[in-house]
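Summary of the model geometry
The lines below spell out each chain.
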Amino acid sequence: MSDTKFKPVKKAVFPVAGLGTRFLPATKVIPKEMIPVVDRPVIQRAVEEAREAGIEEFIFVTGRRKSAITEHFEIQPELIEELEAKGKEKLLEKVRHSDMESGKLMTAKQQKALGLGHAVWCAKDLVGDEPFALFLVDVMILAEQGCMAQMIDVYNKTGGNVIAAYDVPRDITHKYGILDVEDKAAELSKIKGMVEKPKPENAPSTLSIVGRYILQPEIFDILENQKRGAGNEIQLTDAMVKLMADQDFTSLRFKGESYDCGHHVGFIEANIAFALADPEFGPQMREILQKYQDRPGTTRNEPRKATA
Ligand code: G1P
């Protein structure tokens, strides 16, 4: 039983239709969400975070050539048999984390890349009339208690809409949605406004929208009529601003570190941070990193060309 008077959050939406252009050629065949951070794909880590938060149904908004993502969560009996026969208990346990129960994974196709707001709108029929969790899987969060689980704890007290917030340097506010909150220093605050990708001089704060949301279903009707905004895309942030006229939005400065895996350096940093935090790899990784601390990066690492 849920210990809240509010409708429980049991569904999560994962927009995964993006082309992953920034990661080409790695993403020529493999969806970017399938690239591993340390030992498991980014999408699996997001699903694990959702499970920890009590999510029971998983909705992937996919595009073309993204079938590897849903396949990853299929149970493979022959693989399980083989690992069982060989007594590979540890591996078996790891594989089971990627299994999804029957009927719990759903997909909605986003047929045109019209922006995040449009991607979320594509999940409308599958979400129905319920609050839902939204995960932007480009952002990976390293935390003792998962970020979404922290947000659900807040939601159970406040209801409404909850947005995870993360402080960023002012010179990069143009990369994120930025919140205007009542109390910038507080862990929880009422949100007064938000702007998508403002220039540093126009940003109402340095609290960024970090890619984890709990939203009420009324957002869908707004998204349906939402005009294009920043970057000529249908922006979720603009729709949330409209919903703020009728509903409460609370920001949570969650406990944990956020890694923006939408670009290479952030992705590499996430790998380092998650490896260091891993009981299996952490100790060895720490030693290895020390070895590289003072080493100049002089060795060649560009793609090799054929010699004439
Ligand atoms: C999206 C959201 C933005 C948020 C960001 C987090 O932007 O529109 O508000 O801060 O994700 O990564 P995108 O990164 O898709 O441009």
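For the structure itself, look to the data block above.
Criteria and thresholds
Residues numbered from 1 in each chain as written. Predicted model: local features only at pLDDT ≥ 70, side-chain atom pairs only at ≥ 80, totals over all residues. Heavy atoms only, no water. 1 Å grid on protein atoms, 1.4 Å probe; cavity = no way out; pocket = protein on both sides within 12 Å on 5 of 7 lines; lining within 4 Å. Points joined across faces, edges and corners; volume = space filled by probe spheres on them. Helix = DSSP H or I, 4+ residues; strand = E, 2+ residues; numbered from the N terminus. Nonpolar A, V, L, I, M, F, W, Y, C, P; charged D, E, K, R; others polar. Core = buried A, V, L, I, M, F, W, Y, C linked by side-chain atoms within 4.5 Å. Buried < 20%, exposed > 50% of the residue type's maximum accessible area, 1.4 Å probe, protein only. Contact = heavy atoms within 4.5 Å. Phe/Tyr/Trp six-rings, centres within 6.5 Å; stacked < 30°, edge-to-face > 60°. Pairing = 2+ DSSP bridges. Near = heavy atom within 4 Å. Polar contact = N/O pair within 3.5 Å; in protein donor to acceptor, adjacent residues only side chain to side chain. Areas by Shrake-Rupley, 256 points an atom, 1.4 Å probe, with all protein chains shown as cover.

**A few points about the layout of surface pockets**
If you add up the space inside the second largest pocket, you get close to 750 Å³. If you go around the second largest pocket, you meet 32 residues; those closest to its centre are Arg 40, Arg 45, Glu 48, Phe 274 and Asp 278. Elements represented by at least two residues in the lining of the second largest pocket include exactly strand 3 (40–41), helix 1 (42–52), helix 4 (89–96) and strand 7 (139–142). For the lining of the second largest pocket, the element with the highest residue contribution is helix 1, accounting for seven residues. For the lining of the second largest pocket, the per-class residue count stands at 14 nonpolar, five polar and 13 charged.

**With respect to the nonpolar core**
Grouped together as the largest cluster of nonpolar side chains are 50 residues, with contacts concentrated most on Phe 14, Ile 43, Phe 60 and Phe 135. Top element by residues in this core is helix 7 (residues 147–158). It accounts for seven residues. Beyond its immediate stretch of four places on either side in the chain, Ile 43 contacts Phe 14, Val 16, Glu 33, Met 34, Phe 60, Ile 69, Phe 73 and Val 137. Counting 32 residues, the second largest nonpolar core, distinct from the first, contains Leu 136, Phe 220, Ile 222 and Phe 249.

**Focus: the packing of aromatic side chains**
In this structure the tally under the stated criterion is nine aromatic pairs. Feature note: the residues Phe 14, Phe 58, Phe 60, Phe 73 and Phe 135 constitute an aromatic cluster, connected by ring pairs.

**A closer look at the pairing of strand 10 (residues 188–196)**
Relative to strand 10, strand 9 (residues 177–181) runs antiparallel, the two being bridged by five bridges. The residue of strand 10 that forms the bridge with Gly 177 is Glu 196. Following strand 9, the chain reverses through six residues before pairing antiparallel with strand 10. Bridge count between strand 10 and strand 12 (residues 249–253): three bridges; the pairing is antiparallel. Residue pairing in the sheet places Lys 190 in a bridge with Thr 250 of strand 12.

**Focus on the site of the ligand**
Leu 116, Leu 136, Val 139, Tyr 176, Gly 177, Glu 196, Lys 197, Ile 209, Tyr 213, Gln 235 and Thr 237 make up every residue found near the ligand. Here Lys 197 contributes a side-chain N or O atom positioned 2.6 Å from an oxygen atom of the ligand. Against a free-state accessible area of 380 Å², the protein chains account for coverage of 76% of the ligand. In the shell around the ligand, the residues fall into six nonpolar, three polar and two charged.

None of this, on its own, says anything about what the molecule does.
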